[in-house]
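# A structural walkthrough
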Amino acid sequence: MIVAVAALAAKAPVIPGSDAYGKTSKCVKDNGTFCWDWVRDRWSGTVGPALVQHIQLAVVAVVIGFAISFVLALLAYRARWLVPPVTFLSSLLYTVPSLAAFYILVPITGINDFTVEIALVSYTLLILFTNTLAGLTGASGDVRDAARGLGMTPTQSLWRVELPLAVPTIVAGLRVAVVTIISLVTVAGLIVPDGLGAVIYTEGLKKNNFNTALIVGGVLCIVLALAADALLAGLQRLITPWAAARRSR
Amino acid sequence: MPVDTGKTAAPLEFRNVTKRYEGTDAAAIKDLSFVVPAGEVCVLVGPSGCGKTTAMRLVNRMIDMTGGEILIDGKSISGRSPADLRREIGYVIQHVGLFPHLNVANNIGTVPRLLGWDRKRIASRSAELLELVGLPAEMGKRYPSQLSGGQRQRVGVARALAADPPLMLMDEPFGAIDPINRDRLQNEFLRLQREIKKTVVFVTHDIDEGIKMGDRIAILREGGELVQYDTPDAILANPADEFVARFVGADRGLKRLALTNLEQVDLDEVTCVREGETISPGTWVDNDIVVVVDGERKPIGEMTRDVSSDSAVTLGSARPVGASIPITASLRDALSLMMTESIRPLLVLDGEGRVAGWVSIDQINKAVRQVPNESAAIDAAGIDLDK
Amino acid sequence: MSNDFVAGFHFVFDRWGDVLQQKTLEHLAISGEAVAISILIGVPLGCLLGHLHRFSFIAINTSNLARALPTLAVLSILLPYTGIGDTTAIIALVILAAPPILTNSYVAVDQVDADTIDAAKGIGLRAWQVLLRVELPLALPLIFAGIRTAAVFVVATATLKGFFGGGGLGDVISNPASFKISGIIGASYVLIVMSVLAQLLFLGIEYLVTPVGLRRRRLSSPLRRGGVRPATEVGDDALATSQLEQAQLKQAQLEQGSITR
C-alpha cells in the first residue's frame, strides 16, 4: 500500500520547466500552440510507443472481454435464467465510473496494467454480452423453425444459423466496446504511465499544460477510435455479404 | 438415395394419435386415425384451433405425440431420432424461413449438406431443383432478401425437396402470398406434384385451397377431432354433418362444379358444316344451331334453324360464333358464362381451338346429381384401421 | 489491503464537512450545467427533426461520431485554445452529453406510430398541436432515457475536471499527495453513489412521464431499461424485423452512446 501511495504521489505535478529531456526548441520553451519539432523528436521515444501501448491495452481488454461475454451469452442462450443475474452484475460494473473503478482496484492489485485490464474488461461485459445474446435470439421464429424442421440438431442450428445471423449485432456491439475501451484506456493513462492518456498527463498536464502533447495525445486518440470503428465496420461488410444485399434493397 | 424407404413416395398413417399439452385438460388432437396413400396430397383443414398444424408437426416430431402411432411407409416414427427423421421429410412453412445469410443455392443445399453429400452433388442437385421449381439458374447466387415473395416460396419448396424425401409437410405454404400469385403458385405446385408424385400433408384454413390442392381432405374440428376424411368431391356432395356443411359453405354445389371440368362431361354433339356444303332442314339434330367450321374444324360462324329447303352454306348467311369455352374450363366457369350469356348452350373448344361439343345446363344438372365415385376413401386405400 | 477500503469510508465520514461536501456540490453544479445546456440543444433540435422525419442521417450519426470522441482527448485538444476553467470542461461535457439526447429525442418523436399521428391530423389537430399533444407525450419516456444516459456519463466524466484546472470530486481523486489512497477511495465511493443515484433519479422520472397505458410494457423489466439494450449499427437494420424492434435497437445504441468516463 505504501508503494501504491508513493507511486501516486510521484505523479503529483512537477515544477514547470524541469524538462529532463534534451533538445528544447523555442516553441517548446514558450509553449507554442503546436510544436512540430517536439513531435518529431519524441515520436520514437514517447508518442509512438504510447500509441502502440494504447492499442495493446485496448485489444487485450476487448479480446478477453469478448471471450468471457461470448461464453456467457452462449450459456445464457441455453439457460435463460442466467440472463437477469449476468445483466444485473454487468450493469452494475458498467455504472461504476472508470476512475473510481481503477482506484478501487489499486489497493488489491496495485498500480499496473493488470488493474487497468480488469477494469476495462468489466466495462466490455455488458455491451458484448447483451449484443451477443440479442444477436443469437434475433433470428426470426420462422428461420429457427425451418432449421429444426429440416433436421438440424440444436447445436447445428446454433453454429450454422443463429450464430452467423448474429454477426452484425455482435460486430455492432464490438464497435461500441472498442471505441469505449479506447476512450477508457486514455483515462487509465492518468493512473498508469501507459498509452496516449499518459502522454496527455505526463507530457502535457504535468508540464504546465504543454499544448503540443495535449493536442497530439488527444488527436491520436480520436483517430485511433475512428480507425478502429471503421475497420470493424469494414470487416463486418466483408464477412456478412448477405446483410449488404439486404441493405441495398 | 438418402432416404431409407428407397421410394419417391411413402404412405403415411395416423393410428389413434392423441396429443395433450401439459397443464391442459382438453386434448389438442383426439384419437386421430387416417391413411394417406403414397403419392397423394392430403389436406388438413379446419377452423383455427382445430389442431391441424399440430397434427402435421407430429409427423416430423416437431411436437411429440402423447399417445398412438404415426407410421411412414409402415414404420413407426417413435423410435427415430427427430433430426434424422426430419431430414427425410420435406418441410415448407408459411413464411418459408429461408436462411437470410445463405444464398439460394446454399439454402436449397441445406439438407444434403446435413446428410454429408459432397459439394459437387449438392451443387448439381441445387441447380436441378431450381429448374424444377421454375427459377433461372442465376438465381442460385441471390440472397433471400433479394427475392420476391413468390420466388422465396419456390425456393422453400425446392429446399424441402432437396434430399428427395418420400413425404412433404406443407403448413399454409401459400398463406402469405397475394391472391393472384397464390393461384399461380398453387397451379405450379399441382403441376410439380404430377411430376414428382410425393406424399404430401398440406395444412390450410382455406377450404377452397383444400378443394383445389387435395386428393383427399381431412376436416378437423376444434379439439383435434377428425370429422370427415374423403375426396373433395365426396365431401362436397355428402358433408358428414352440419359442421362440415357449414365449413365447406352454402355454395358447396358450385364448389363441386369447380372440381369437374368439361373434359369429364358427356358433351352434346355439334352439327358442323363446311362452307359450300349443302344443308337441309334435317341437318339440325339436337338444337337449333349448326356451326360453320373451316378445314380444321375450327368454328368460323353459326346458323340458326331457318332453312326450309336444301341450300348451300355461305358465310354470308352465317353469323359470328356466340359464346365458347375451352374444354379445360370447369363446370363452374361454364355455368357462370351461361349466366352472362343468358342460358344457352356454350360451344366447347378443345386445346387446338377445334369444336368439341355443346355444354348446356342439362349436363351441369347431371354432374351435380352424380354420386361421387371415390367415396369411402379409407376403404379405397385398402388398409384396415382396426387391426 | 482491505484497510484501504475501510479507510475510504472513514475519509467519507471524517472529511465530508470540510472537503467532500463542497467538492460534491461543485461536481453536481458543473454536471448540472452541462446536462442543462445539452438538453436545451438536444431536445428541441431532436424533436424538430423527428417531427419532420428528416435529416435522420445527421441526428443518428452525431451519436456515432461523438462516441469516438473520448472526453479526455477533447479536453486535451480544447485546453490550448480555451484555457483552464469551466468553459473548457463544459464544452467537453456538452460534446459528450448532447448527442445521445439529440439522437434519443429524434428517434423518440420519429418513431411515434404513424397511424396515431394520422388519426390526430384526421380529427383536426394542427401541426404544432400534433407535436405538443401527441408526439411529445408519447416520446417523453425515450427522451428522458437519453437524458438519463447523458447525465450518468456526465457525472462520471466530470471527474476529469480535477485533472484539467480543478473543481469537483476530481480534485480529490487527482491529488494523492494531499488525500492519500484513503481519500481517493472515499471520493470514488461518493462518485459511485452519485452515478447510481443519477441513474435511479432519471429512471424514476422516466417512469413518471410514461403515459399510464404504456407503463407496464415499457418498464416490465426495469433492469433491462436501467441497463443497456443491445447496440446496433444504426442505419443498418441488421436483424430487426419490425419497426418497433428497430426503434428499440436504435434506442439501445443511443443508451450506450459515448462512454468516456
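Shown above is the structure to which this text applies.
Residues numbered from 1 in each chain as written. Chains lettered and ligands numbered in written order. Predicted model: local features only at pLDDT ≥ 70, side-chain atom pairs only at ≥ 80, totals over all residues. Heavy atoms only, no water.

Of the regular secondary structure elements, chain C holds 11 helices and zero strands. When the helices and strands of chain C are read in sequence order from the N terminus, they spell out α-α-α-α-α-α-α-α-α-α-α. Counting the 261 residues in chain C, one finds 57% classified as buried. The contacts in chain C between residues at least 6 apart in sequence include a share of 75% that link residues at least 24 apart. Counting only carbon and sulfur atoms, one obtains 64% of the accessible surface of chain C, whose full area is about 10700 Å². (Helix = DSSP H or I, 4+ residues; strand = E, 2+ residues; numbered from the N terminus. Buried < 20%, exposed > 50% of the residue type's maximum accessible area, 1.4 Å probe, protein only. Contact = heavy atoms within 4.5 Å. Areas by Shrake-Rupley, 256 points an atom, 1.4 Å probe, with all protein chains shown as cover.)

Before going further, it helps to spend a moment on the sheet that holds strand E17 (residues 346–349) of chain B. All names here are of chain B. A sheet is described by the order of its strands in space; here three strands give the open sequence E16-E17-E18, paired in mixed fashion. Looking at the sheet topology across the chains shown, the edges are occupied by strand E16 (324–326) and strand E18 (355–359). Between one strand axis and the next, the sheet turns by 35° as a mean value, whatever way the strands run. As judged from the three bridges shared by E16 and E17, these two strands associate in the parallel manner. Looking at E17, one finds that proline 326 is bridged to leucine 349. Lying over the sheet, helix H12 (residues 331–340) contacts E16, E17 and E18, oriented at roughly 165° with respect to E16. (Pairing = 2+ DSSP bridges. Axes fitted to C-alpha atoms, helices over the stretch in contact; angles between N-to-C directions.)

Turning our eyes to something else, we now look at the pairing of E18(B). All names here are of chain B. Most of E18 is tucked away: four of the five residues are buried. By the bridge criterion, four bridges tie E17 to E18 in an arrangement that is antiparallel. Within E18, the position partnered with leucine 347 by the bridge is tryptophan 358. Turn length for the E17-E18 hairpin, with the two strands adjacent in sequence and antiparallel, is five residues, and the turn residue glycine 353 shows positive phi of about 85°.

Residue and element names in this part refer to chain A. At a minimum axis separation of 10 Å, helix H8 (residues 154–188) and helix H10 (residues 211–239) run at an interaxial angle of 165°. Viewed along their axes, H8 and H10 adopt a mutual orientation that is roughly antiparallel. Viewed along their axes, H8 and H10 form a crossing whose handedness is right-handed. Between H8, through Val167, Pro168, Val171, Leu174, Arg175, Val178, Val179, Ile182 and Thr186, and H10, the contact on the second element is made entirely by Cys221, Leu224, Ala225, Ala228, Asp229, Leu232, Ala233, Gln236 and Ile239. (Parallel < 35°, antiparallel > 145°, perpendicular 65-115°, else oblique. Left-handed = near helix turned anticlockwise from the far one by under 90°.)

Moving on to a nonpolar patch on the surface. Together, C:Val193, C:Val196, C:Leu197 and C:Leu200 line one region of the surface with nonpolar side chains, adding up to about 340 Å² of accessible area. As for its position among the elements, C:Leu200 is in helix H8 (residues 176–209). (Patch = residues over 30% accessible without salt bridge, like charges linked within 9 Å, V, L, I, M, F, W, Y side chains within 5 Å. Salt bridge = Lys/Arg side-chain N within 4 Å of Asp/Glu carboxyl O.)

Moving on to the pattern of salt bridges. Residue and element names in this part refer to chain B. Applying the stated criterion across every chain yields a total of 26 salt bridges over all chains. As a salt-bridge pair, glutamate 128 and arginine 125 come within 3.1 Å of each other at their nearest N and O atoms. With glutamate 128 and arginine 125 both in helix H5 (residues 119–132) and three residues apart, this pair spans about one turn of that helix. Looking at glutamate 128, the relative accessible area reads 45%, which means it is partly exposed.

Attention shifts here to the packing of aromatic side chains. Within the structure shown, the criterion is met by 11 aromatic pairs over all chains. Here the aromatic rings of B:Phe34 and B:Tyr229 are separated by 5.2 Å at their centres, their planes lie at 50°, and the arrangement is tilted. Here B:Tyr229 lies in strand E10 (residues 225–230) and B:Phe34 lies in strand E2 (residues 29–36), a separation of 195 residues in the sequence. B:Tyr229 matches B:Phe34 in its accessibility class, with the two residues each being buried. Measuring from centroid to centroid gives 6.0 Å for C:Phe11 and C:Phe179, while their planes differ by 90°, and the two rings are edge-to-face. Of this pair, C:Phe11 sits in helix H1 (residues 2–52) while C:Phe179 sits in helix H8, and the two are 168 residues apart along the sequence. Just as C:Phe11 is buried, C:Phe179 falls in that class too. A network of ring pairs unites the aromatic residues B:Phe14, B:Phe34 and B:Tyr229 as a single cluster. The side chain of B:Arg159 reaches across the aromatic face of B:Phe99, ending 4.8 Å from its centre. Lying over the aromatic face of B:Phe243, B:Arg221 brings its terminal NZ or CZ to 4.9 Å of the ring centre. (Phe/Tyr/Trp six-rings, centres within 6.5 Å; stacked < 30°, edge-to-face > 60°. Lys NZ or Arg CZ within 6 Å of the ring centre and 35° of its normal.)

By rolling a water-sized probe across the atoms, one finds the places where empty space is left. Residue and element names in this part refer to chain B. One pass over the full model with this rule turns up seven cavities of 30 Å³ or more. Lining the second largest cavity are Leu132, Val133, Gln153, Arg154, Val157, Phe174, Leu185, Glu188, Phe189, Arg191 and Leu192. At the level of secondary structure, the elements contributing two or more residues to the lining of the second largest cavity comprise helix H6 (149–161) and helix H7 (179–196). At five residues, the largest contribution of residues to the lining of the second largest cavity is made by H7. (1 Å grid on protein atoms, 1.4 Å probe; cavity = no way out; pocket = protein on both sides within 12 Å on 5 of 7 lines; lining within 4 Å. Points joined across faces, edges and corners; volume = space filled by probe spheres on them.)

Moving on to the nonpolar core. A:Trp38 and A:Ile181 are the most contacted members of the largest nonpolar core, which has 105 residues in total. Among the elements that make up this core, the one with the highest residue count is H8(A) (16 residues). Residues within four places of A:Ile181 in sequence aside, it is in contact with A:Ala58, A:Ala61, A:Val62, A:Leu120, A:Tyr123 and A:Thr124. Judged by nonpolar contacts, the second largest core, of 43 residues, contains B:Leu135, B:Phe174, B:Ile211 and B:Phe243. (Core = buried A, V, L, I, M, F, W, Y, C linked by side-chain atoms within 4.5 Å.)

Hydrogen bonds between backbone atoms are what pair the strands of a sheet, whose relative direction is either parallel or antiparallel. Residue and element names in this part refer to chain B. Strand order in this open sheet of six strands is E6-E7-E8-E3-E9-E10, and the pairing throughout is mixed. At either end of the open sheet lies a strand with only one pairing partner, and these are strand E6 (89–93) and E10. Direction aside, neighbouring strands of the sheet carry axes that sit 15° apart on average. In terms of strand pairing, strand E7 (residues 167–171) meets strand E8 (residues 199–204) through five bridges, oriented parallel. Its bridge partner being in E8, aspartate 171 is matched across the sheet by valine 203. Taken strand by strand, H6 contacts E6 and E7, and its axis lies near 165° from that of E6.

Bringing unusual backbone geometry into the picture now. The residue B:Asp31 is not glycine, and still its phi comes out positive at about 45°. Relative to the helices and strands, B:Asp31 resides in strand E2. Despite not being glycine, C:Lys180 shows a phi value in the positive range, around 60°. Mapped onto the elements of the fold, C:Lys180 is located in helix H8. Here C:Lys180 falls in the partly exposed class, since its relative accessible area comes to 43%.

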